[in-house]
Amino acid sequence: MTNMTTLPTMEADDHPALLIVDDDATFCGVLAGAMTKRGFDVTCAHTVEQALECAEACTPEYAIIDLRLPGTSGLTLVEKLKTLDPGTRIVMLTGYASIATAVEAIKLGATHYLAKPVDVDEIMLAFERTSGDADVPISAHPLSVNRLEWEYIQRVLTENKGNVSVTARALNMHRRTLQRKLTKNPAKT
């Protein structure tokens, strides 16, 4: 299969299977190396289609999925992996974090949702989490206007299943203006 990388480990039968799905081949390679050192039998894919081929051939016990993938969203893959094996522990990664996509990822079955940049230790901790944390700190400051706009756009985009044209009409915004806003990194807070 093209554009997929399998990093072998000493005895694959003794290591849990991990599927990494990200369109950034360099990121996949670096993360795969780090996860192999932590005892995983790692397979990388760069599209939802490749990931499904891998998962159907050998259902992973763990998966790390990027939200933004070419064509289909990583959210679709979360749902399909959970259908294949409800026990798969999935961590969703994204450089475009929003409340709307975090909620949807968890509803669809992701174990955890992390915003990039992220380190391997954070991913390992996310795999171990089995419940929420009632003691998570609550911010003393409300979100900025820019962040609120980003969150609102993401919510409407999610409601419209990622369709930019429909979302632009719902927001009473020109499609190109919306596309420009979507290509920018989200406001921090």
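Structure: above.
What comes next is a walk through the structure. These numbers come from a predicted model, not from an experiment. (Residues numbered from 1 in each chain as written. Predicted model: local features only at pLDDT ≥ 70, side-chain atom pairs only at ≥ 80, totals over all residues. Heavy atoms only, no water.)

What to know about a positive patch on the surface
A contiguous patch of positive charge on the surface is contributed by Arg175, Arg176, Arg180 and Lys184. Tracing the backbone shows Arg176 in helix H8 (residues 175-183). (Patch = residues over 30% accessible without salt bridge, like charges linked within 9 Å, V, L, I, M, F, W, Y side chains within 5 Å. Areas by Shrake-Rupley, 256 points an atom, 1.4 Å probe, with all protein chains shown as cover. Salt bridge = Lys/Arg side-chain N within 4 Å of Asp/Glu carboxyl O. Lys, Arg positive; Asp, Glu negative; His and termini not counted. Charge placed at Lys NZ, Arg CZ, Asp CG, Glu CD. Helix = DSSP H or I, 4+ residues; strand = E, 2+ residues; numbered from the N terminus.)

Section: the side chain of Gln50
When you line up the elements, Gln50 lands in helix H2 (residues 48-57). Separated by 2.8 Å, the side chain of Gln50 and the backbone nitrogen of His46 make a polar contact. (Polar contact = N/O pair within 3.5 Å; in protein donor to acceptor, adjacent residues only side chain to side chain.)

Digging into unusual backbone geometry
For the bond from Lys116 to Pro117, the omega torsion is -5°, close enough to zero to count as cis. When you line up the elements, Pro117 lands in the loop between strand S6 (112-115) and helix H5 (120-128). Positive phi, normally seen in glycine, also occurs at Asn172, with a value near 55°. Examined against the element boundaries, Asn172 turns out to sit in the loop between helix H7 (164-170) and H8. The class for Asn172 is exposed, based on a relative accessible area of 75%. (Buried < 20%, exposed > 50% of the residue type's maximum accessible area, 1.4 Å probe, protein only.)

Quick word on the packing of aromatic side chains
According to the stated counting rule, one finds three aromatic pairs in the structure shown. With a centroid separation of 6.3 Å and an interplanar angle of 45°, the aromatic rings of Phe40 and Phe127 are classed as tilted. Here the residue Phe40 occupies a position in the loop between helix H1 (25-37) and strand S3 (41-45), and Phe127 occupies one in helix H5, the gap between them amounting to 87 residues. Each residue in the set Phe40, Tyr62 and Phe127 is aromatic and connected to the rest through ring pairs, giving one cluster. For Lys116, the ring lying beneath its charged end belongs to Phe27, and the centroid distance is 4.6 Å. (Phe/Tyr/Trp six-rings, centres within 6.5 Å; stacked < 30°, edge-to-face > 60°. Lys NZ or Arg CZ within 6 Å of the ring centre and 35° of its normal.)

Concerning the packing of helix H6 (residues 145-159) against H8
Taken N-terminus to C-terminus, the directions of H6 and H8 make an angle of 115°; their axes are 11 Å apart at the nearest point. With respect to H8, the element H6 is oriented roughly perpendicular. Crossing of H6 over H8 shows left-handed handedness. Within the contact between the two elements, H6 uses Glu149, Trp150, Ile153, Gln154 and Leu157 and H8 uses Leu178, Lys181 and Leu182. Its residues placed into classes, the contact of H6 with H8 shows five nonpolar, one polar and two charged. (Axes fitted to C-alpha atoms, helices over the stretch in contact; angles between N-to-C directions. Parallel < 35°, antiparallel > 145°, perpendicular 65-115°, else oblique. Left-handed = near helix turned anticlockwise from the far one by under 90°. Contact = heavy atoms within 4.5 Å. Nonpolar A, V, L, I, M, F, W, Y, C, P; charged D, E, K, R; others polar.)

Observations concerning the environment of Glu61
Locating Glu61 in the fold gives a position in the loop between H2 and strand S4 (62-66). For Glu61, a relative accessible area of 40% translates into the label partly exposed. Residues Glu61 and Asp85, spaced 24 residues apart in sequence, show a C-alpha to C-alpha distance of 8.4 Å. Beyond its immediate stretch of four places on either side in the chain, Glu61 contacts His15, Pro16, Ala17, Gly87, Thr88 and Arg89.

Let's talk about the nonpolar core
Of all hydrophobic cores here, the largest spans 23 residues; its most connected members are Leu19, Ile65, Leu77, Leu81 and Met92. Secondary structure elements with two or more residues in this core: strand S2 (17-21), H2, S4, helix H3 (74-84), strand S5 (89-94) and helix H4 (99-108). Residues Leu18, Leu31, Val42 and Phe127 belong to the second largest nonpolar core, which totals 20 residues. (Core = buried A, V, L, I, M, F, W, Y, C linked by side-chain atoms within 4.5 Å.)

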